[in-house]
Each structure stands twice: as structure tokens, then as C-alpha cells.
Amino acid sequence: MDLVTDDGIIFDWKTTFNPPQKIDSDIQFILYHWAYKKLFNKPPKDIYYVSLLKNKLIRFYVNPIYYFELIDNIIPKLITSVKEKNFYKEGLFKGICEKCSFQQICIKEGRV
């Protein structure tokens, strides 16, 4: 969240050249909505993706299908997988591990 106004509007500045048409399924914006509700016991008034290069606002609308799938299913399963150290080593195959500061921990624990 780059800016949260006193009246509950969240702005997230983006510099990507091609902004999306809609952000209803974007994990980051779903989590912004969820986190604001947890912090303030009410939903945010609005959430916006701000395209700085295109001078464009894209409003986030809660889509219950995406929202509850992420909050009720995906995140709890992810937390369980991490706690059990049972997760797919995707970074190894995408070259992400080379830049990761935790690489030595994974090697030491036999995850790489």
C-alpha cells in the first residue's frame, strides 16, 4: 500500500508500461482489502491501482469467488505447506534461487 487516506482509500502506485484492464483477481489487491478489514474492522472505501506511466486509475472490486478462494483455501494450504516444509521448489527452476538471500538455508536443509 503506497497511500492510505484517512477516509479509507488505498492507492498503489505502479510503473508498469501496460497496466491491466481489471485487478479483481490480483492477489496483492485482495490482500490489501483483507488486511485493511483486519486492521480497521471495516472494509476500505476503495482500492486503486495507479498507473503512473499511463495516468490511469484502475479500481479494485471484490469478486467473492477470487477473494474467498485465496483467503479460505489457498493461503491456509500455503501456511500448512510452509510449516511442514513441504512446498514446490519453483525458484530453483526459474533462476530465482541464485539471487535469494536464503539460498544457503535451503541448501543446508536439503531443499535445493
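Structure first, text after, so check above.
What you see is a predicted model, and the numbers here were worked out from it, not measured in a lab.

Rules of the game
Residues numbered from 1 in each chain as written. Predicted model: local features only at pLDDT ≥ 70, side-chain atom pairs only at ≥ 80, totals over all residues. Heavy atoms only, no water. Helix = DSSP H or I, 4+ residues; strand = E, 2+ residues; numbered from the N terminus. Contact = heavy atoms within 4.5 Å. Polar contact = N/O pair within 3.5 Å; in protein donor to acceptor, adjacent residues only side chain to side chain. Expected span 1.5 Å × (residues − 1). Buried < 20%, exposed > 50% of the residue type's maximum accessible area, 1.4 Å probe, protein only. Axes fitted to C-alpha atoms, helices over the stretch in contact; angles between N-to-C directions. Parallel < 35°, antiparallel > 145°, perpendicular 65-115°, else oblique. Salt bridge = Lys/Arg side-chain N within 4 Å of Asp/Glu carboxyl O. Pairing = 2+ DSSP bridges.

Engineer: Account for the environment of Lys 14, naming residues and giving values.
Structural biologist: Position of Lys 14 relative to the elements: it lies in strand β2 (residues 9–14). Counting along the chain gives 39 residues from Lys 14 to Leu 53, while the straight-line C-alpha distance between them is 8.0 Å. In this structure, Lys 14 is in contact with Gln 28, Phe 29, Tyr 49, Val 50, Ser 51, Leu 52 and Leu 53, ignoring residues within four places of it in sequence. Engagement of the side chain of Lys 14 in a polar contact is seen with the side chain of Gln 28, the distance being 2.9 Å.

Engineer: Please set out helix α2 (residues 64–83) residue by residue, giving values where relevant.
Structural biologist: An α-helical segment advances 3.6 residues per turn. Residues three or four places apart therefore align on the same side. Along its 20 residues, α2 runs 27 Å from first to last C-alpha, staying within 8% of the 28 Å computed at 1.5 Å per residue. Listed as buried for α2 are Tyr 67, Leu 70 and Ile 71. Where α2 is buried, its residues meet α1 (27–40). One side-chain oxygen of the residue at the start of α2 lies 2.9 Å from the amide nitrogen of Ile 65, identifying that residue as Asn 63.

Engineer: An account of the packing of α1 against α2 is requested, with residue identities and associated values reported.
Structural biologist: Put simply, α1 and α2 touch, their axes get as near as 10 Å, and they point 80° apart. Classified by the interaxial angle, the pair formed by α1 and α2 is roughly perpendicular. Each of Ile 27, Ile 30, Leu 31, His 33, Trp 34 and Lys 37 in α1 lies in contact with α2, whose residues at this interface are Tyr 66, Tyr 67, Leu 70, Ile 71 and Ile 75.

Engineer: Which residues make up the pattern of salt bridges, and what values do they have?
Structural biologist: Tallied over the entire structure, the rule returns 3 salt bridges. A salt bridge links Lys 45 to Asp 7, with the nearest nitrogen and oxygen atoms 3.9 Å apart. Residue Lys 45 is located in the loop between α1 and β3 (46–51), and its partner Asp 7 is located in the loop between β1 (3–4) and β2; the two are separated by 38 residues in the primary sequence. For Lys 14, the salt bridge goes to Asp 12, with nearest N and O atoms at 2.9 Å. The exposure class of Asp 12 is buried, given its relative accessible area of 3%.

Engineer: Got a sec to walk through the side chain of Ser 51? Specific residues and values, please.
Structural biologist: Inspection of the secondary structure assignment puts Ser 51 in strand β3. Side-chain polar atoms of Ser 51 contact the backbone nitrogen of Lys 54, separated by 3.2 Å. In contact with Ser 51, not counting residues within four places along its chain, are Lys 14, Thr 16, Pro 19 and Lys 56.

Engineer: Any chance you could break down the pairing of strand β4 (residues 56–59) for me, citing the residues and the numbers?
Structural biologist: Pairing geometry for β3 and β4, over 4 bridges, is antiparallel. Bridged to Ser 51 within β4 is Lys 56. What sits between the antiparallel neighbours β3 and β4 is a turn of 4 residues, in which Asn 55 has the positive phi angle 50°.

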